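Residues per chain, in single letters:
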Amino acid sequence: MTEIIELNVGGVHYTTTLNSLLHEKDSLLCEMFSESRENLLKDSKGRYFLDRDGVLFRYILDYLRDKTLNLPEGFREKQRLQKEAEYYKLEGMLACMRKERETRSPGSITLGYRGSFQFGKDGLADVKFRKLSRILVCGRVALCREVFGDTLNESRDPDHGGPDRYTSRFFLKHCFIEQGFDMLHEQGFRLAGSCGSGTAGSATEPKPGVDVEENRWNHYNEFVFVRD
């Protein structure tokens, strides 16, 4: 059972023990490696070849070694990992993933942004794209970190008071509002409400260097997401 096994999973190489691969008796890996392996594919180096996602296999192997599921903070490929666990018939790992979903803490997160439209030389006839300067994140610190992980920029809000405090000063490192929506959806949040300012109503003078026509189309929007 302590035999060393060399694997090539989708081009990514792993070294493990036979005991780890046989951990779940009803799994596909146990079925493959508990009997004769003469029919298993091998690469040019003699490693057993599995035509699956090689990057995600690290989490499969971690589960088989430790009997627990430990994903990094902000992990964004849970649906893909679930498909891999289903392929390998790892019922214990699937049960861990279901339990994690069921025990996620409730809460709310607000995303807000100030945007405008980028205009060309011909004004409205040459609208190029929506321009966002920054996407703000408001909510409980621990919950924001859970959802956005390393895409969260905390530089404007030094960590005083611990993870149970609330903040309205976080923002995302990118300017893709839809990416923020996707990350919230993946973590079980749903849109509860939104509001936005009107455009073409500003009577204030634009800042130096700001196009007058573009300034008329500045707007601010907020989206409130909740998880029960």
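Scroll up to find the structure this text is about.
About the criteria used
- Residues numbered from 1 in each chain as written.
- Predicted model: local features only at pLDDT ≥ 70, side-chain atom pairs only at ≥ 80, totals over all residues.
- Heavy atoms only, no water.
- Axes fitted to C-alpha atoms, helices over the stretch in contact; angles between N-to-C directions.
- Helix = DSSP H or I, 4+ residues; strand = E, 2+ residues; numbered from the N terminus.
- Parallel < 35°, antiparallel > 145°, perpendicular 65-115°, else oblique.
- Contact = heavy atoms within 4.5 Å.
- Nonpolar A, V, L, I, M, F, W, Y, C, P; charged D, E, K, R; others polar.
- Salt bridge = Lys/Arg side-chain N within 4 Å of Asp/Glu carboxyl O.
- Buried < 20%, exposed > 50% of the residue type's maximum accessible area, 1.4 Å probe, protein only.

**Student:** Before we go on, may I ask you to explain the packing of helix 3 (residues 57-66) against helix 5 (residues 91-102) in this structure?
**Tutor:** Each packed pair of helices is defined by two parameters, the angle between the axes and the distance between the axes. Direction vectors running N to C along helix 3 and helix 5 enclose 100 degrees, while the axes themselves pass 10 Å from each other. Classed by the angle they form, the pair helix 3 and helix 5 counts as roughly perpendicular. When helix 3 is examined against helix 5, the residues Tyr59, Ile60 and Tyr63 are found in contact with a partner set consisting of Gly92, Met93 and Cys96. Among the residues making up the contact of helix 3 with helix 5, the classes are represented as five nonpolar, one polar and no charged.

**Student:** Honestly, the pattern of salt bridges in this entry has me stumped. Any pointers?
**Tutor:** It is possible for side chains bearing opposite charge to pair when their charged atoms get close. Counted under the stated rule, the structure contains eleven salt bridges. Residue glutamate 154 is joined to arginine 145 by a salt bridge in which the shortest nitrogen-to-oxygen separation is 2.8 Å. For arginine 165, the salt bridge identified is with aspartate 157, shortest N-O distance 3.2 Å. Accessibility assignment for this pair places arginine 165 and aspartate 157 in one class, buried.

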